[in-house]
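Survey of secondary and tertiary structure
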Amino acid sequence: MKINSAEFVISNSDVAKCPKDKIPEYAFIGRSNVGKSSLINMLTDRKSLAKTSGKPGKTQLINHFIINNNWFLVDLPGYGYAKVSKSAKKVFQKFITAYFSKRTQLVSAFVLVDCRHEPQKIDLEFMQWLGENQIPFSIIFTKADKLSKNKLPIQINDYIKEMLKYWEEMPNYFITSSSSGLGKEEVLNYIEGINSQLKNS
Ligand code: GDP
């Protein structure tokens with residue numbers, strides 16, 4: 001998919017106020033610092049469409065961007081900051097639950113995972129929750145350039161092994177690097193494929 005336009009639409013703390021347009025929506029979510037903003041900027045060919053290196057605990061917002069005037073890319077807040085209080089975590093959970101349960105336009109989520117790290121409980125539990133709630137998702141492994149050519153497949157295989165302890169099948173996944181552009185075409189073509197299926201259905 002070629003990106004002809006990518007524009008910020010609105011930020012919201014309330015899912016009820018998100019755009020009403022019935023166009024396909026794809027949400028990007030992951031632990032803080034996973035590389036979400038960098039990935040969104042890489043996918044959309046924009047230097048700073050999504051703001052990088054946001055501070056933990058900043059206002060948690062649902063950010064809508066419209067791509068090619070025909071689908072929404074949604075930047076959801078990062079989760080999993082150890083320093084955030086228990087009550088803040090509860091607020092976050094409510095907020096995310098509301099987004100995923102009320103946003104009927106949502107076609108699929110992308111759960112971002114740093115490919116260098118062992119599977120993290122918070123990510124595994126979050127994907128479990130998506131599964132239980134029948135919310136389609138893919139995994140996006142980020143920062144692939146930070147691992148050597150030998151280490152990368154080993155690390156991904158270890159992740160798959162861990163996932164298969166809980167899942168019958170490995171969910172769809174992509175290996176990406178915002179520095180090199182790895183995985184860009186794959187992610188965009190995947191979205192384009194679903195969008196054209198939706199149009200024809
Ligand atoms: P966010 O908090 O998930 O939005 O993460 P950011 O996009 O702000 O990235 C966090 C840090 O990781 C920043 O210092 C980025 O420059 C760095 N980073 C993000 N993606 C990549 C990548 O693909 N490769 C490398 N080498 N660094 C990355």
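The structure this text deals with has already been given above.
These remarks concern the structure in this document. (Residues numbered from 1 in each chain as written. Predicted model: local features only at pLDDT ≥ 70, side-chain atom pairs only at ≥ 80, totals over all residues. Heavy atoms only, no water.)

1. Some remarks on the overall build of the chain
- From N to C terminus, the chain includes 5 helices and 7 strands.
- The order of α-helices and β-strands along the chain, N terminus first, is β-β-α-β-β-α-β-α-β-α-β-α.
- Relative to the globule expectation of 17 Å for 201 residues, the C-alpha radius of gyration of the chain, 16 Å, shows essentially globular dimensions.
- Viewed in the frame of its principal axes, the chain has a C-alpha envelope of about 45 × 40 × 35 Å.
- Buried positions account for 47% of the 201 residues belonging to the chain.
- For the chain, the proportion of contacts with a sequence separation of at least 24, taken over those separated by at least 6, is 77%. (Helix = DSSP H or I, 4+ residues; strand = E, 2+ residues; numbered from the N terminus. Rg over C-alpha atoms; globule rule 2.2 N^0.38 Å. Buried < 20%, exposed > 50% of the residue type's maximum accessible area, 1.4 Å probe, protein only. Contact = heavy atoms within 4.5 Å.)

2. With respect to the sheet that holds strand β5 (residues 106-114)
- Strand order in this open sheet of 7 strands is β1-β3-β4-β2-β5-β6-β7, and the pairing throughout is mixed. The strands lining the two open edges of the sheet, one partner per strand, are β1 (6-12) and β7 (173-175). Strand-to-strand twist of the sheet, defined as the mean angle between neighbouring strand axes without regard to direction, takes the value 25 degrees.
- Sitting on the sheet, helix α5 (residues 184-200) is in contact with β2 (25-30), β4 (71-75), β5, β6 (137-142) and β7, with an inclination near 165 degrees to β5. (Pairing = 2+ DSSP bridges. Axes fitted to C-alpha atoms, helices over the stretch in contact; angles between N-to-C directions.)

3. Brief notes about the packing of aromatic side chains
- Scanning the model with the defined rule gives 15 aromatic pairs in all.
- An angle of 85 degrees between the planes, with centres 5.2 Å apart, marks the rings of F141 and Y159 as edge-to-face. Pair noted here: F141 is in strand β6 and Y159 is in helix α4 (residues 151-163), with a separation of 18 residues, a long-range link.
- When its relative accessible area of 1% is taken as the criterion, F141 is described as buried.
- Overall, the relative accessible area of 2% leaves Y159 in the buried class. (Phe/Tyr/Trp six-rings, centres within 6.5 Å; stacked < 30°, edge-to-face > 60°.)

4. A few points about the pairing of β6
- Summarising burial for β6: 6 of the 6 residues are buried, a large majority.
- Alternating positions in β6 separate into two faces, F137, I139 and F141 on one and S138, I140 and T142 on the other, with burial throughout.
- Pairing between β5 and β6: 6 bridges, direction parallel. Considered in β6, the bridge of V111 is made with I139.

5. Some details on the layout of surface pockets
- If you add up the space inside the second largest pocket, you get close to 170 Å³.
- What lines the second largest pocket is M1, K2, P24, N68, N70, W71, E192, N195, S196, L198 and K199.
- Among the elements that line the lining of the second largest pocket, the one with the most residues is α5, at 5 residues.
- Residues of the lining of the second largest pocket, tallied by class, amount to 4 nonpolar, 4 polar and 3 charged. (1 Å grid on protein atoms, 1.4 Å probe; cavity = no way out; pocket = protein on both sides within 12 Å on 5 of 7 lines; lining within 4 Å. Points joined across faces, edges and corners; volume = space filled by probe spheres on them. Nonpolar A, V, L, I, M, F, W, Y, C, P; charged D, E, K, R; others polar.)

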